[in-house]
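# Inside the fold
Here's the letter readout for the chains.
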Amino acid sequence: SSQSSHTSGCFTGDSTVLTEAGIHRKLSELRIGERVQAVDASGRTVFSEVLMFMDRDTHQRREFVTIEAEGGALLKVTPAHLVMVWRRERSETRYVFADRVREGDHILVHVDGTLEPRVVHRISATLAEGVYAPLTSEGTIVVDSIAASCYALIDSQTVAHLSFMPYRLVEKVIALFERSSASDTLSLPRHEGIHWYAKSLYTIKDYLIPSNWLYH
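Residues numbered from 1 in each chain as written. Predicted model: local features only at pLDDT ≥ 70, side-chain atom pairs only at ≥ 80, totals over all residues. Heavy atoms only, no water.

Going by the annotation in an unreviewed UniProt entry, the name recorded for the chain is Hint domain-containing protein, with Anopheles christyi given as the source organism.

## Concerning the UniProt feature "domain: Hint" (unreviewed entry) in the chain
Mapped onto the present numbering, the UniProt feature "domain: Hint" (unreviewed entry) falls on residues 8–111 and 112–156. Taken as a whole, residues 112–156 contains 0% helix and 76% strand, while its terminal C-alpha atoms sit 29 Å from one another. (UniProt positions renumbered as here; feature names shortened; annotations may be inferred. Helix = DSSP H or I, 4+ residues; strand = E, 2+ residues; numbered from the N terminus.)

## What about the nonpolar core?
Phe-11, Met-54, Ile-107 and Phe-164 are the most contacted members of the largest nonpolar core, which has 45 residues in total. Where this core is concerned, the elements lending two or more residues are strand 4 (45–69), strand 5 (74–77), strand 6 (81–87), strand 8 (106–111), strand 9 (114–136), strand 10 (140–143), strand 11 (146–152) and helix 3 (196–208). It is strand 4 that contributes the most residues to this core, 9 residues altogether. Setting aside residues up to four positions removed in sequence, Phe-164 forms contacts with Met-52, Met-54, Leu-135, Tyr-151, Tyr-197, Ala-198 and Leu-201. Tyr-95, Leu-115, Val-142 and Leu-214 belong to the second-largest nonpolar core, a separate cluster that totals 15 residues. (Core = buried A, V, L, I, M, F, W, Y, C linked by side-chain atoms within 4.5 Å. Buried < 20%, exposed > 50% of the residue type's maximum accessible area, 1.4 Å probe, protein only. Contact = heavy atoms within 4.5 Å.)

## Some details on the packing of aromatic side chains
Overall, the coordinates contain 5 aromatic pairs when judged by the stated rule. Judged by centre distance (5.6 Å) and plane angle (55 degrees), the rings of Tyr-167 and Tyr-197 are tilted. Taken together, the residues span a long stretch of sequence, with Tyr-167 in helix 2 (residues 165–177) and Tyr-197 in helix 3 at a distance of 30 residues. Among the residues examined, Tyr-167 registers a relative accessible area of 12% and is labelled buried. Its relative accessible area of 10% is what places Tyr-197 among the buried residues. Seen in terms of ring centroids, Trp-196 and Tyr-197 are 5.7 Å apart; in terms of plane orientation they differ by 80 degrees. Their pairing is edge-to-face. Members of the aromatic cluster, connected to one another through ring pairs, are Tyr-151, Phe-164, Tyr-167, Trp-196 and Tyr-197. (Phe/Tyr/Trp six-rings, centres within 6.5 Å; stacked < 30°, edge-to-face > 60°.)

Structure representation (structure tokens):
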């Protein structure tokens, strides 16, 4: 829930994403319908539509994990959020809860059009006001040049992404019937706090997901 870092994953409001228009947009100003930089299933950067904010609370004060990597890349994210980590010994990428990323790990940083592994050299904790959790069609997002999941709490990007499939399908159907221009479809979220769909998933997760898959 919005009240606990154990049941949601968010970024800070002053974190930025790159839009398809080439604008670095603060998450506090990001609109539903905008296309932002994300990572597709093959590991390439693409621009993906923002479908909703799973959580958005402009006034809540929360603890964030601050991950700093070589070259100056820095990400502030809640502990239960999934971050993309490159495993050098296996030459593979996996999703790891933010508070389990360690100094010496490699995170993926967007540099000159590609994602490059960069060594994490400092992990710390900080308090900040405002929590924002945008959901893209890809289920991933590049925030402050660092690749991350849109999801949290469940230790499986695949399961988390599948759980939002019904919502994505409904959004596609609605889009087929919309006749307005792209500029008219952009909007700030109307809700404050957790989106109703995400809230419903949080309610049933304990009955459907094995305990050892959940963040504790």
